[in-house]
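Read off the chains here:
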Amino acid sequence: MALIVKKFGGSSVGSTEKIMNVAKRVISEKKPEDQIVMVVSAMGDTTDDLIDLAKKINKDPYRYEREMDMLLTTGEQVSIALLTMAFKTLGQKAISLTGPMAGMHTDSTHTKGRIMDITPKRVEEELKKGNIVVVAGFQGADDIGDPVTLGRGGSDTSAVALAGALHADSCEIFTDVDGIYSADPRVEPDARRMKEITYDEMLEMARLGAGVMQPRSVEMGKHMGIPIHVRSTFTNKPGTIIREDYTMEEKDFVIRGVAHDAKVAKVAVLGVPNNPGIARSIFMPLADAHVDVDMIVQSIRNIEKNVTDMVFTIASDDLGRAKEIVDKVANDLNAIAVLVEKDVAKVSIVGAGMLGSPGIAARMFGALADAGINIDVISTSEISISCLVKKADMEKAVNAIHEEFFPKK
Ligand code: ADP
Ligand code: ASP
Ligand code: MG
């Protein structure tokens, strides 16, 4: 007997036909003794549509984070109900459960919640009754029972966490691509599918914008030791396994992939005093407001006046809140100005192999230079290098860097 968690993303359940097809496929692949837990996302672009709806009431609806969660959790509730009806229509016993009903307990960080623990008692009981259990992804409830969503792409994390809590035999992420590629196949036509990728590399790819997996889901997989199988909803191709280490020849690549992120914004606080505690006074209130700061550059502006510029990037969704906070701090610090740039994007390379290989950064910068692309800000980690470029140059940058590290055969 195998217990399998299967997650289907928004594009996989984007219409009632697709929902029917998912149900048919799952039933046809299920062995009689298998126990199946489905985790599903909202249909198609539902989450985006709900956000747009909220924006018609207030242009920065994320300031009402609890209500955003109340709104966004409805998307997944539609798909679990419909998918369960599809199973039943096909003669299969099934039941739908919301995230809280499945035991997803989160902290109270609305719209960016973290799973604190899972007690999937109800899921286990329903499996024992012979049901396929269809759980709403992306959602849980906090201590007082309020709905909390797990951040965009959060159904991936729901699935991996549930697989861990249920000690599942496997966790499959079904999506509209047939695995993890060396770059987003929508941007890079020559991207190559990988048979395997390590948690660390996938985590870095995801953190740097490869939206195919939510970063926290990969973290969760690593933490719980759950291999994650990413595969296509629409074909039977083998997909990619995310796991601790390679078992195959793919070790040889120094660079595993190129990631890009268009949802970034640059903030520059110009002319702040160059004294101890200044960085804290800017970044502490941002942290308190749950704004993640990414690339940070501090430069000397004017040695005589002892002032400096602080430049950093954040997720563009956080810009409204961040700007309010930074304007206030800048005012308190007598800064000269706060500048905001939305017209930027981050392009990165990822690979554990780059640790012992000098010259990788130079090759990346060279590829961008040859393509005539200017680099605004650079940042590095042990296994990645990122460059901030103009948004208009982003796709060209991905293509140029990909060609450098994965030349066409
Ligand atoms: P789902 O709705 O199934 O959760 P997502 O849209 O969240 O699907 O993720 C799948 C998309 O991720 C793909 O359509 C692809 O454009 C994008 N993507 C970005 N980077 C990569 C990558 N390196 N490999 C595969 N897909 C990627
Ligand atoms: N529906 C949510 C989103 O669009 C969660 C997910 O799809 O994973 O972000
Ligand atoms: Mg997704």
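Residues numbered from 1 in each chain as written. Chains lettered and ligands numbered in written order. Predicted model: local features only at pLDDT ≥ 70, side-chain atom pairs only at ≥ 80, totals over all residues. Heavy atoms only, no water.

1. A look at the pairing of strand 18 (residues 384–390)
Note the threshold: Burial here depends on accessible area, computed with a 1.4 Å probe over protein chains only, as a share of the maximum for the residue type. Under 20% is buried, over 50% is exposed, and the range in between is partly exposed. Runs of H or I in DSSP of at least four residues are treated as helices and runs of E of at least two as strands, each being numbered from the N terminus. DSSP-based pairing: two strands are paired if at least 2 bridges between them are found.
Within strand 18, six of the seven residues are buried, leaving the element largely enclosed by the surrounding structure. In this structure, strand 16 (residues 337–350) lies alongside strand 18, joined through seven bridges in antiparallel fashion. Paired with S348 across the strands is S386, a residue of strand 18. Relative to strand 18, strand 17 (residues 377–381) runs antiparallel, the two sharing five bridges. Bridging across to strand 18, S379 finds its partner in S386. Hairpin remark: strand 17 followed by strand 18, antiparallel, with two residues in the connecting loop.

2. Description of the sheet that holds strand 6 (residues 132–136)
Stated formally: Note on definitions: angles span 0 to 180 degrees between N-to-C directions of axes, and those axes are lines fitted to C-alpha atoms, for helices only across the stretch in contact. Contact criterion: two residues are considered in contact whenever any of their non-hydrogen atoms come within 4.5 Å of each other.
Spatial ordering of the open sheet is given by 3-6-2-1-9-11-12-10, a layout of eight strands whose pairing is mixed. Two strands close off the open sheet at either side, each with one partner strand: strand 3 (94–97) and strand 10 (196–198). Sheet twist, expressed as the mean angle between neighbouring strand axes with direction ignored, is 20 degrees. Note that strand 1 (residues 3–8) and strand 2 (residues 35–40) share six bridges and pair parallel. Bridge pairing in strand 2 places K7 opposite V39. Running at roughly 160 degrees to strand 1, helix 1 (residues 16–29) makes contact with strand 1, strand 2, strand 6, strand 9 (170–175) and strand 11 (228–232) of the sheet.

3. Digging into the packing of helix 1 against helix 3 (residues 65–89)
Condition: Working rule for angles: under 35 degrees goes down as roughly parallel, over 145 as roughly antiparallel, 65 to 115 as roughly perpendicular, anything else as oblique. Rotating anticlockwise by less than a right angle from the far helix to the near helix defines a left-handed crossing, while the corresponding clockwise rotation defines a right-handed one. In this classification, the charged set is Asp, Glu, Lys and Arg, the nonpolar set is Ala, Val, Leu, Ile, Met, Phe, Trp, Tyr, Cys and Pro, and all remaining amino acids, among them Gly, are polar.
Running from amino to carboxyl end, helix 1 crosses helix 3 at an angle of 55 degrees, the nearest separation of the two axes being 9 Å. The orientation of helix 1 with respect to helix 3, classified from their angle, is oblique. Crossing of helix 1 over helix 3 shows right-handed handedness. Only L82, L83, A86, F87 and T89 of helix 3 make contact with helix 1, whose side of the interface consists of I19, M20, V22, A23, V26 and I27. For the contact of helix 1 with helix 3, the class distribution of residues is ten nonpolar, one polar and no charged.

4. As for the pattern of salt bridges
Note the following rule: For this analysis, a salt bridge means a side-chain nitrogen from Lys or Arg found within 4 Å of a carboxyl oxygen belonging to Asp or Glu.
Under the counting rule described, the total for this entry stands at 32 salt bridges. Across the salt bridge formed by K6 and E29, the nearest N and O atoms sit 4.0 Å from each other. Placement of the pair is K6 in strand 1 and E29 in helix 1, with a sequence separation of 23 residues. On the basis of relative accessible area, K6 is assigned to the buried category, the value being 5%. The partly exposed category is assigned to E29, whose relative accessible area is 32%. Of the charged contacts, one joins K266 and E341 as a salt bridge, the two residues approaching to 3.5 Å between their closest N and O atoms. Note that K266 is positioned in strand 13 (residues 257–273) and E341 in strand 16, a separation of 75 residues in sequence. Using a relative accessible area of 12% as the deciding quantity, one classes K266 as buried.

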